[in-house]
Amino acid sequence: MDSVLDEPVVDAETDRLSSLPHDLIHHILSFMDMKYAVQTCVLSSKWKFIWTTLTHIKFSTSEFQQLGQFIRFARHVIANRNDQTDVSSLDFSFDGTLSQILVKVLLNYVVSHNIRNLNISTFERDRKLPNCIFESQSLKHFTLKNIHEDYCIAPQYPWDLPNLTTLHLNDFVITDGRNENHEYLDLFSKCVNLKKLSITECYMAEVKVFKVCAPRLEDLTITDCFLNKLFISASNLQSFVYGGECPLCLLTNGFQNLEKVDLHLPMPNPLSDFKKEDAFQLLKVLKEFHSTKFINLYSDVIQGLSMYRDVLSYQPSPFNNLKHLNIRQVSHRGKYSMLIVPNHVKNYFLNSSPNVTITTEVPKIKELGIGSYYEADQIINFDI
């Protein structure tokens, strides 16, 4: 048996941290807030200045006990960072007491260094964000989330983000009540490469028509937003999700590539308040999705349509490409009754696509979010 004395002796002076590949060190530090990334300079001689060349940066005011400490730290980072290195991504979380000047300086810095991924979580209250982030020529992925109980205001003109492909907006005021009503508002027409757009809990009720014009848009989600009328011009759209308290008043230029539609349309409670004019408006909305292959609806929509045989009987089925109709059960006082679909409703969905598969879902747990599927007790193929 070999003695432990025969094993190679590791030099106590060996700097194992310095021997790590440069890219691996960058990768490790990319998971840290910048506060801790800077502190690693004391670990190794090789790490002394490596934080100055990081391309993935995280800033959060919550990592500092006093706001003044964060302000001094952020200024230190900007002043000492290697200006020859671009900023690939920035995660920035800050509250509403932070100086607007510092926010503007920091965001101007990363935008001028060709940032591609930007995630902002803000507690801003009734303030506008710097315009520079809405005019970046390099930005590809952008998430903007407001965490405060009040809204933060976003610019009300077309955002000049020509390379942007993914955009997520959450809890922002697109227009506020202090401005005159807009006839229409078009924010995304300059985002010519936008492919995925998600807008959640945003306020745009001061706009008569909110436009989503994006020629390469493939995936659109709009949930829990305050809007009057929605116009979509997106010829390449493949997936559309809508949910919220506001009725959907929709205009489009037509969808030729639409694969999936997921609609949580608000219905009155009690359902007896659903009027004939509401049925006409609902059918007008559904007609816009005539090219879709998969449509997801809630059972109260089916029940509302079933109330007006005379309206549906004269409506030709618009769904020429439909392959799958999925119906999610809506509970009444926590109970789910057997869903019965009368012939005139069945004909509206199936007459132009007689081989449609129909399924229904009964939720086992609360829905995880509009556009995400329930866990279901059963998925039933049934003949209606």
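Higher on the page you've got the structure.
Residues numbered from 1 in each chain as written. Predicted model: local features only at pLDDT ≥ 70, side-chain atom pairs only at ≥ 80, totals over all residues. Heavy atoms only, no water.

Student: Is there a simple way to think about the packing of aromatic side chains in this case?
Tutor: Overall, the coordinates contain 17 aromatic pairs when judged by the stated rule. Measuring from ring centre to ring centre gives 5.8 Å for Tyr203 and Phe226, while their planes differ by 45°; the resulting arrangement is tilted. Residue Tyr203 is found in the loop between strand S9 (196-200) and strand S10 (207-213), and its partner Phe226 is found in the loop between strand S11 (219-223) and strand S12 (230-233); the two are separated by 23 residues along the sequence. By relative accessible area, which is 40% here, Phe226 ends up partly exposed. Seen in terms of ring centroids, Phe319 and Phe349 are 5.5 Å apart; in terms of plane orientation they differ by 10°. Their pairing is stacked. Of the two residues, Phe319 is situated in the loop between helix H8 (309-312) and strand S17 (324-328) and Phe349 in helix H9 (residues 343-350); the sequence distance between them amounts to 30 residues. In this structure Phe319 comes out as buried when scored by relative accessible area, which is 0%. Phe349 gets classed as buried once you look at its relative accessible area, which sits at 2%. Here the aromatic cluster, defined as three or more aromatic residues joined through ring pairs, consists of Phe59, Phe64, Phe70, Phe73, Phe92 and Phe94. (Phe/Tyr/Trp six-rings, centres within 6.5 Å; stacked < 30°, edge-to-face > 60°. Helix = DSSP H or I, 4+ residues; strand = E, 2+ residues; numbered from the N terminus. Buried < 20%, exposed > 50% of the residue type's maximum accessible area, 1.4 Å probe, protein only.)

Student: Looking at this model, I keep getting lost on the pattern of salt bridges. Mind explaining?
Tutor: When the charged atoms of two side chains lie near each other, side chains of opposite charge can form a pair. Per the stated rule, a full pass over the model turns up four salt bridges. Between Glu183 and Lys208 there is a salt bridge, with its nearest N and O atoms 3.1 Å apart. Residue Glu183 is found in strand S8 (residues 182-186), and its partner Lys208 is found in strand S10; the two are separated by 25 residues along the sequence. Residues Arg328 and Asp262 are paired through a salt bridge, measuring 3.7 Å at the closest nitrogen-oxygen approach. (Salt bridge = Lys/Arg side-chain N within 4 Å of Asp/Glu carboxyl O.)

Student: How should the nonpolar core be read in this particular structure?
Tutor: The nonpolar side chains of a soluble globular protein tend to be buried with one another. Counting residues in each nonpolar core, the largest one holds 108 residues, and the members touching the most others are Phe142, Phe188, Phe240 and Phe349. Considering each element in turn, this core owes the most residues, seven residues, to helix H5 (residues 100-112). Setting aside residues no more than four positions away along its own chain, Phe188 makes contact with Trp159, Leu167, Leu169, Leu194, Leu197, Ile199, Phe210, Lys211, Val212 and Cys213. (Core = buried A, V, L, I, M, F, W, Y, C linked by side-chain atoms within 4.5 Å. Contact = heavy atoms within 4.5 Å.)

Student: Looking at this model, I keep getting lost on the environment of Asp86. Mind explaining?
Tutor: Take Asp86: it is sitting in the loop between helix H4 (67-80) and strand S2 (89-95). By relative accessible area, which is 34% here, Asp86 ends up partly exposed. Counting along the chain gives 25 residues from Asp86 to Val111, while the straight-line C-alpha distance between them is 9.3 Å. Not counting the four nearest positions on each side in its chain, Asp86 is found in contact with Leu54, Thr55, Arg81, His113 and Asn114.

Student: I keep staring at helix H7 (residues 299-306) and nothing clicks. Help me out?
Tutor: For an α-helix, the turn length of 3.6 residues means that residues three or four places apart are oriented alike. Buried residues dominate H7, accounting for six of its eight residues. Structurally, H7 contributes buried residues whose contacts are with helix H6 (276-287), strand S16 (294-298), H8, S17 and H9.

Student: Can you help me understand the pairing of S17 in this one?
Tutor: Look at any regular strand and the pattern is simple: side chains alternate between the two faces of the sheet. Of all five residues in S17, four are buried, a share of seventy percent or more. Relative to S17, S16 is paired through five bridges, and the arrangement is parallel. Bridge pairing in S17 places Ile295 opposite Leu325. (Pairing = 2+ DSSP bridges.)

Student: Sorry, what's going on with unusual backbone geometry here?
Tutor: For residues besides glycine, phi is generally negative; the peptide bonds are generally trans as well. Here the bond from Asn269 into Pro270 is cis, since omega is 10°, no more than 30 degrees from zero. Not every positive phi belongs to a glycine, and Asn114 is a case in point at roughly 60°. Secondary-structure assignment places Asn114 in the loop between H5 and strand S3 (117-123). Using a relative accessible area of 37% as the deciding quantity, one classes Asn114 as partly exposed. Residue Asp224 is not a glycine yet carries a positive backbone phi of 55°. As for its position among the elements, Asp224 is in the loop between S11 and S12.

Student: So what exactly am I meant to see when it comes to the pairing of strand S13 (residues 239-243) here?
Tutor: Here S13 lies mainly inside the structure; five of its five residues are buried. Two strands pair when backbone bridges link them, and S11 and S13 are joined in this way by five bridges, in the parallel orientation. Pairing of Leu220 across the sheet is with Phe240, part of S13. Sheet analysis places S13 next to strand S15 (residues 260-264), joined by five bridges and oriented parallel. Bridge assignment links Tyr242 to a residue of S15, and that residue is Leu263.

Function cannot be inferred from these measures alone, as they are strictly geometric.
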